[in-house]
Amino acid sequence: MDSYAPEEHLACVIARLLEGARHAAVGASSPIPAVGCFLRKNIDPAFRVSLQQRRESNPFTEGSRELFDLAGQGRIDVFFLGGAQIDGEGAINLVRAEGKRFPGSFGSAYMYGVVPRTILFREEHSRRTLVPKVEFASARGAPAALLTGRALFSWQKDKRRFRLESVHPGNTLAQIRERTGFEFDSSDQVPETAAPSTAELEAIRKKVKPEIAANYPEFAARVWPNS
Amino acid sequence: MDSYAPEEHLACVIARLLEGARHAAVGASSPIPAVGCFLRKNIDPAFRVSLQQRRESNPFTEGSRELFDLAGQGRIDVFFLGGAQIDGEGAINLVRAEGKRFPGSFGSAYMYGVVPRTILFREEHSRRTLVPKVEFASARGAPAALLTGRALFSWQKDKRRFRLESVHPGNTLAQIRERTGFEFDSSDQVPETAAPSTAELEAIRKKVKPEIAANYPEFAARVWPNS
Amino acid sequence: MSGSAFLGNAEELAAQIPDGALLALPPDYSLVAMEVVRALIRKKARGLRLLGVPILGLSADLLIGAGCVAEVETSAVSLGEAGLAPRFTDAVEKKSLLVRDATCPAIHCALQAAEKGVPFMPLAGIGGSDLVKERKDWKVQGDVVLVPAIRPDVALFHARWADEAGNVWVGRRRELATVAHASRLNLVTFEEKKPGDMLDDELLAPGVISSIYISALAHAPRGAWPLGMPGLYGADDLHVSQYAKAARTREGFLKYLEEWILTPRKSTSPA
Amino acid sequence: MSGSAFLGNAEELAAQIPDGALLALPPDYSLVAMEVVRALIRKKARGLRLLGVPILGLSADLLIGAGCVAEVETSAVSLGEAGLAPRFTDAVEKKSLLVRDATCPAIHCALQAAEKGVPFMPLAGIGGSDLVKERKDWKVQGDVVLVPAIRPDVALFHARWADEAGNVWVGRRRELATVAHASRLNLVTFEEKKPGDMLDDELLAPGVISSIYISALAHAPRGAWPLGMPGLYGADDLHVSQYAKAARTREGFLKYLEEWILTPRKSTSPA
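Rules and cut-offs
Residues numbered from 1 in each chain as written. Chains lettered and ligands numbered in written order. Predicted model: local features only at pLDDT ≥ 70, side-chain atom pairs only at ≥ 80, totals over all residues. Heavy atoms only, no water. Helix = DSSP H or I, 4+ residues; strand = E, 2+ residues; numbered from the N terminus. Rg over C-alpha atoms; globule rule 2.2 N^0.38 Å. Buried < 20%, exposed > 50% of the residue type's maximum accessible area, 1.4 Å probe, protein only. Contact = heavy atoms within 4.5 Å. Areas by Shrake-Rupley, 256 points an atom, 1.4 Å probe, with all protein chains shown as cover. Phe/Tyr/Trp six-rings, centres within 6.5 Å; stacked < 30°, edge-to-face > 60°. Lys NZ or Arg CZ within 6 Å of the ring centre and 35° of its normal. Pairing = 2+ DSSP bridges. Axes fitted to C-alpha atoms, helices over the stretch in contact; angles between N-to-C directions. Right-handed = clockwise from strand over helix to strand, strands pointing away. pLDDT = per-residue confidence, 0-100. Salt bridge = Lys/Arg side-chain N within 4 Å of Asp/Glu carboxyl O. Core = buried A, V, L, I, M, F, W, Y, C linked by side-chain atoms within 4.5 Å. Buried area = accessible area lost by both parts, 1.4 Å probe. Polar contact = N/O pair within 3.5 Å; in protein donor to acceptor, adjacent residues only side chain to side chain. Parallel < 35°, antiparallel > 145°, perpendicular 65-115°, else oblique. Nonpolar A, V, L, I, M, F, W, Y, C, P; charged D, E, K, R; others polar. Expected span 1.5 Å × (residues − 1). Left-handed = near helix turned anticlockwise from the far one by under 90°. Disulfide = S-S within 2.5 Å.

Colleague: Where do I start with the overall build of chain A in this structure?
Modeller: Assigned secondary structure in chain A consists of 7 helices and 12 strands. Taking 17 Å as the expected radius of gyration for a compact globule of 227 residues, we find that chain A reaches 17 Å, a close match to that expectation. Structurally, chain A occupies a C-alpha span of about 45 × 45 × 35 Å along its principal axes. Buried positions account for 60% of the 227 residues belonging to chain A. Counted over contacts in chain A with a minimum sequence separation of 6, partners at least 24 positions apart contribute 67%. As displayed, chain A has an accessible area near 8,800 Å², and 49% of this comes from carbon and sulfur atoms.

Colleague: Sorry, what's going on with the packing of aromatic side chains here?
Modeller: Per the counting criterion, the structure on display carries 26 aromatic pairs over all chains. Each ring, one from Trp155(B) and one from Phe162(B), has its centre 4.8 Å from the other, and the planes form 65°; the classification is edge-to-face. Given a relative accessible area of 9%, Trp155(B) falls into the buried group. Feature note: the residues Phe153(A), Trp155(A), Phe162(A), Phe182(A) and Phe184(A) constitute an aromatic cluster, connected by ring pairs. Over the ring of Phe184(A) we find Arg177(A); its NZ or CZ atom is 4.4 Å from the centre of that ring. Above the face of the Phe6(D) ring, Lys193(D) is positioned so that its terminal group lies 3.6 Å from the ring centre.

Colleague: Looking at this structure, I do not really get the sheet that holds strand E10 (residues 145-148) of chain B. What am I missing?
Modeller: Sheet strands associate in pairs through backbone hydrogen bonding, adopting either a parallel or an antiparallel arrangement. Residues and elements named next belong to chain B. Taking strand neighbours across the sheet as the criterion, the 7 strands line up as E2-E1-E3-E8-E10-E11-E12 in an open arrangement whose pairing is mixed. Only two strands of the sheet have a single neighbouring strand rather than two, namely strand E2 (48-51) and strand E12 (161-167). In this sheet, neighbouring strand axes are inclined to one another by 25° on average, regardless of whether the strands run parallel or antiparallel. Relative to strand E8 (residues 117-122), strand E3 (residues 78-81) is paired through 4 bridges, and the arrangement is parallel. Counterpart to Val78 in the pairing with E8 is Arg117. Helix H1 (residues 6-17) rests against E3, E8, E10 and strand E11 (151-156) of the sheet, and its axis sits at about 170° to E10. Helix H2 (residues 31-43) contacts strand E1 (23-26), E2, E3 and E8 of the sheet and is inclined by roughly 155° relative to E2.

Colleague: Would you explain helix H2 (residues 34-42) of chain D in this entry?
Modeller: Along an α-helix, a turn takes 3.6 residues, which lines up residues three or four apart on a common side. All names here are of chain D. Taking burial as the measure, the 9 residues of H2 include 8 buried ones, the bulk of the element. Turning to H2, its buried residues number three or more, namely Met34, Glu35, Val36, Val37, Arg38, Ala39, Leu40 and Ile41. Directly beyond the C-terminal end of H2, a positive phi value near 60° is found at Lys44.

Colleague: I keep staring at the pairing of strand E4 (residues 69-74) of chain C and nothing clicks. Help me out?
Modeller: All names here are of chain C. Of the strand pairs in this sheet, strand E3 (residues 48-52) and E4 are connected by 4 bridges, and their pairing is parallel. Its bridge partner being in E4, Leu50 is matched across the sheet by Val72. Following the backbone out of E3, through helix H3 (residues 58-65) and into the adjacent parallel E4, one traces a crossover that is right-handed. Both E4 and strand E5 (residues 98-101) contribute to a ladder of 4 bridges, which runs parallel. By the bridge assignment, Glu71 is partnered in E5 with Leu98. Once you follow E4 into helix H4 (residues 86-93) and on to E5, the crossover reads as right-handed.

Colleague: Sorry if this is basic, but what is going on with the sheet that holds strand E7 (residues 139-141) of chain C here?
Modeller: Residues and elements named next belong to chain C. Read across the open sheet, the 3 strands follow the order E6-E8-E7; overall the sheet is antiparallel. The sheet is open, and its two borders are formed by strand E6 (120-124) and E7, each paired with just one other strand. Shown here is a sheet whose adjacent strand axes are inclined to one another by a mean of 35°, direction ignored. Here helix H5 (residues 104-116) sits on the sheet and contacts E6 and strand E8 (144-148); the angle it forms with E6, its principal contact strand, is near 150°.

Colleague: Any chance you could explain the confidence of the model for chain C here in plain terms?
Modeller: Per-residue confidence for chain C averages 95 on the pLDDT scale, and 96% of its residues sit at or above 70. In the predicted assembly, ipTM is 0.95 and pTM is 0.96.

Colleague: Explain the pattern of salt bridges to me, please; I cannot follow it from the model alone.
Modeller: What the rule picks out here adds up to 66 salt bridges over all chains. In this structure, Asp77(B) and Arg22(B) form a salt bridge, with 3.2 Å as the shortest nitrogen-oxygen distance. Here Asp77(B), found in the loop between helix H3 (66-72) and E3, pairs with Arg22(B), found in the loop between H1 and E1; they are 55 residues apart in sequence, far enough to count as distant. Of the residues examined, Asp77(B) reaches a relative accessible area of 9% and is grouped as buried. Through salt bridges that share partners, Glu62(A), Arg65(A), Asp69(A), Lys116(C) and Arg174(C) make up one connected network.

Colleague: Just checking my understanding: could you explain the pairing of E8(C) for this structure?
Modeller: The side chains of a regular strand alternate between the sheet's two faces. Residue and element names in this part refer to chain C. Buried residues dominate E8, accounting for 4 of its 5 residues. Both E7 and E8 contribute to a ladder of 3 bridges, which runs antiparallel. If you follow Gln141 over to E8, its bridge partner there is Val144. Between the antiparallel neighbours E7 and E8 lie 2 residues, among them Gly142 with a positive phi of about 60°.

Colleague: Mind showing me how you'd approach the nonpolar core here?
Modeller: The nonpolar side chains of soluble globular proteins are, as a tendency, buried together. Counting 170 residues, the largest nonpolar core has Trp138(C), Val168(C), Ile209(C), Trp138(D), Val168(D) and Ile209(D) as the members making the most contacts within it. Those residues in contact with Val168(D) that sit more than four places away from it in its chain are Phe157(D), Ala159(D), Trp161(D), Ala162(D), Val188(D), Met198(D), Gly207(D), Val208(D), Ile209(D), Ile214(D) and Leu217(D).

Colleague: Looking at this structure, how should I read unusual backbone geometry?
Modeller: Note on backbone geometry: most residues besides glycine have negative phi, and most peptide bonds are trans. Residue Trp225(C) is joined to Pro226(C) through a cis peptide bond whose omega torsion reads 5°. With respect to the secondary-structure elements, Pro226(C) resides in the loop between strand E13 (216-219) and helix H8 (237-246). Cis geometry marks the peptide bond from Val53(D) to Pro54(D), where omega comes out at 0°. A positive phi is found at Glu98(B), a non-glycine position, where the angle reads about 50°.

Colleague: Hey, could you run me through the interface of chain D and chain A in this one?
Modeller: When the parts of a complex come together, some accessible area is lost, and that lost area is often used as the size of the interface. With 43 residues of chain D in contact, the opposing surface of chain A contributes 38 residues. With both sides pooled, the region where chain D packs onto chain A buries about 3,100 Å², and carbon together with sulfur makes up 51% of that total. Its largest share of buried area at the contact with chain A, chain D owes to Glu81(D), Asp130(D) and Arg172(D), together 20% of the area lost on that side. Across the salt bridge formed by Glu134(D) and Arg96(A), the nearest N and O atoms sit 2.5 Å from each other. At the boundary of chain D and chain A, one finds 17 residue pairs in polar contact (both at pLDDT 80 or more). Every element with two or more residues in the side of chain D that touches chain A is listed here: helix H4 (86-93), strand E5 (98-101), helix H5 (104-116), strand E6 (120-124), helix H6 (131-134), helix H7 (175-182) and helix H8 (237-246) of chain D.

Colleague: So what exactly am I meant to see when it comes to the packing of H8(C) against helix H9 (residues 250-262) of chain C here?
Modeller: Packed helices, taken two at a time, are described by the angle between their axes plus the distance between the axes. Residues and elements named next belong to chain C. Two elements in contact, H8 and H9, have axes whose closest approach is 8 Å; the angle formed by their N-to-C orientations is 140°. Relative to H9, H8 is oriented oblique. In this structure, H8 uses His239, Tyr243 and Ala246 to contact H9, whose residues at the interface are Gly252, Phe253, Tyr256 and Trp260. Looking at side-chain class alone, the contact of H8 with H9 contains 5 nonpolar, 2 polar and no charged residues.

Colleague: Can you help me understand H1(B) in this one?
Modeller: All names here are of chain B. For H1, built from 12 residues, the straight-helix expectation of 16 Å at 1.5 Å per residue is met to within 8% by its first-to-last C-alpha distance of 17 Å. Burial within H1 is extensive, with 9 of its 12 residues counted as buried. Every buried residue of H1 is accounted for by Glu7, Glu8, His9, Leu10, Ala11, Cys12, Val13, Ile14 and Ala15.

Colleague: I would appreciate a short explanation of the side chain of Arg173(D) in the present structure.
Modeller: By secondary structure assignment, the location of Arg173(D) is in the loop between strand E10 (168-169) and H7. Residue classification places Arg173(D) among the buried positions, given a relative accessible area of 8%. There is a polar contact of 3.2 Å between the side chain of Arg173(D) and the side chain of Ser30(D). Every residue in contact with Arg173(D), bar those within four places of it in the chain, is listed here: Asn58(A), Gly63(A), Ser64(A), Tyr29(D), Ser30(D) and Leu31(D).

Colleague: Can you help me understand the packing of H2(D) against helix H9 (residues 250-262) of chain D in this one?
Modeller: Residue and element names in this part refer to chain D. Two elements in contact, H2 and H9, have axes whose closest approach is 10 Å; the angle formed by their N-to-C orientations is 115°. Where H2 crosses over H9, the handedness of that crossing is left-handed. Residues Arg38, Ile41 and Arg42 of H2 form the contact with H9, whose own contacting residues are Leu257, Trp260, Ile261 and Leu262. Of the residues in the contact of H2 with H9, the class split is 5 nonpolar, no polar and 2 charged.

Colleague: Before we go on, may I ask you to explain the environment of Gly83(A) in this structure?
Modeller: Residues and elements named next belong to chain A. Along the chain, Gly83 turns up in the loop between strand E3 (78-81) and strand E4 (85-87). On the basis of relative accessibility, which here comes to 8%, the residue Gly83 falls in the buried class. For the pair formed by Gly83 and Leu164, sequence separation is 81 residues and the distance between their alpha carbons is 19 Å. Not counting residues within four places of it along the chain, the set of residues in contact with Gly83 comprises Asn93, Leu94 and Arg122.

Colleague: What's the story with the state of the cysteines in this structure? I'm lost.
Modeller: Simply put, the disulfide is a covalent bond whose two ends are the sulfur atoms of two cysteines. As enumerated under the stated definition, the model contains 0 disulfides over all chains in all. Sulfur of Cys109(C): no disulfide; nearest cysteine sulfur belongs to Cys104(C) and is 11 Å away.

Have a look at this one:
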């Protein structure tokens, strides 16, 4: 089996979540979702990726409001959101918790309510980040999935609860329960998140990397240090 | 005395009405107001003229809504409006009258309400155009003045009535009363509208004409046929 | 969504516009896809509902005269210096055309509302106009009028360039960007094709409408004629003024159609 | 209104910004007039109320750390890849800075409302956010939230070019046009001066903000440093990341100020 960085694995999971999507937008500071999107585009050339803060060749010629207007028009079907806190009802908090101040809500309050498929993504998987109830809801909505550095959850719209779909290599259901601050459903036997294929890794490193390095230079230098 | 075209005279009257103004916008199909504005600019270089439909070097880079947004911001202090009908209360009709259809209201409904100084301008001075009450009010507001091919009226805000200020050469108060469909105030001795000065005519013909010819070619060819 | 399709010509673009569509058209000064307008007449389009962005001119007068139009929403229909739009005027006076009169900033607001996906946009200053009485869909709220969103089925316009990525360049005619954002389908003719991607070029990008919005494209050199393309060719004022005279009568209009639109060899502009 | 005034340098531009002004600033990716930001710190500006259009970054963190800022309205303050904005975070946690939290499209709407001269603009989709509870000035009306207009006293930004007519070119950064339309005073630094009038050039015009809006201008080559100017120089990521580390402590921040902003000979960017 090929060796790979955890970031590469997460990007592969994201690319798989994007099946059937037509147009994903990627907000500020989201290099792993960006890798996932460009990987998806490598599989489906008709899939469109818009990087909000692309440094060169920025697709938005109506200024920074164009992303939000596009979403309002229904022309974006996937967006990614993170959170200093994410709770069991899918709410995210980007503002403040436990006396700490975070950067702020960005466009989340709007995008979560408007874009049909919002993928929640946060690498840190702990009771600090995954909480029963956020202290401040920057945004509420119905997520398509929640991906962390340890596991993948789906969202059950009817129950308004997460369901554990798979754990990443090295994690068990019990550990995930231990590290998750909110309750969630799962089967007794939770599968392991499928590893990146050789083809996926090759596409990331040959096709996706240059695009990422131009827009997320620190991330690229960290994940692919020897290139 | 110099000979001059009636259009040149009207433009001079407009330029005089613009004293103290900072920024006039000129809408579609208004060549005489445009001549007046550029003549004013010749006297006061800080005076700004924005031609809505300037063919080259159009000042609007936000598209055709920019004129209206500018007015909403309070950055335009003079605009010109005409009308198939203009009534004694200052309302204008650009839509329909006596079974006839006219082009439509354009931006008048908005500009009249928003721009501080609206100058009403209509060359034809008859009971057909100057009526007691318009059949359809495209726009209502408080005009700064009403200029026709025969006379100049001011607007009395308190009384909401026009007052005859001067008659153009060849017209008398009695004739103006006869040809005007609405009632208006006047002194017994109405002065004659001052003729263009040599300096005004020279500025029009040397400085203003090229600007006008580029944007109102048919008008320029008619008024200045031998050049 | 997956990028713009390059079609063979203006006729193929016209074929994408269904009868009865709400069709947004720019004014004469703002990059009208006249070649497609002529193709619509040739294909005998019917029942079109035109939206002036924010006014209409020659394109609408031709379509109305040729019987393609059921109704019009616009702030005006005018041929500019060439005067009244004769077929529009005639159709309204004969009550064969429904007009929803508007005012320019209200149409801009309605398209911006659709651009943002909100149900309405507020507009100040128009309270004194009889338009507000006539337009039952405009709601007065305090000092403003709430103008409902308009989402055209199709926007049709002409561009200076298209590139390989399907982006189009319209320069300072940014109202075309707004209407493209607001419309379901955007059909564009262009003067010339550029290699590469104009979004890679900092100088060109500000005048680009990205391929995200563009549904289909066709090459149509001098496709705005007899209207103009700034920086490339001016409006053919003489032709427009001859049209305005000819179209004063139904007979004159039909003769114009025959000569300039329906007869294939004359259907393209003089080079 | 009578055209833009060319001033001598960034210091003179900073002198136009009164203490207590509502000052609109673009995000790090959108042409920040950093040389004027540094001049504001040198002139000991006080009580500024910053507006993020729609977010803030390095400029705000510097001004906050230097004690120039009383309050901030923004959708976020972030140094992007370099992480949290340390002086912002510290000031909020110590309750020495008032923050009015917003969300990006709400700020765009608020500026568009001011651009149009209407009291509010509707925004959909944000009903679930606690922001709506916190922002008493945002009114829920059915499915939308009415966001009141924001009219900044001053907008400050950097441009690629200025021309002799006082127009500036900002390329695809059209949010700068919106904020310029919305603001009472617009102060702009620029990289290079172009002869003539850019509005005469069909290629340049789409990226121009016309002199109608520009109050005063000053030449500031590399004036966005350590942020970037697309097509001319990139962001100095290393410098920003070193700032982020230094400013984690008050001492480190003051040392940075001394070294890079207050000491005249180092106050300009490395060429």
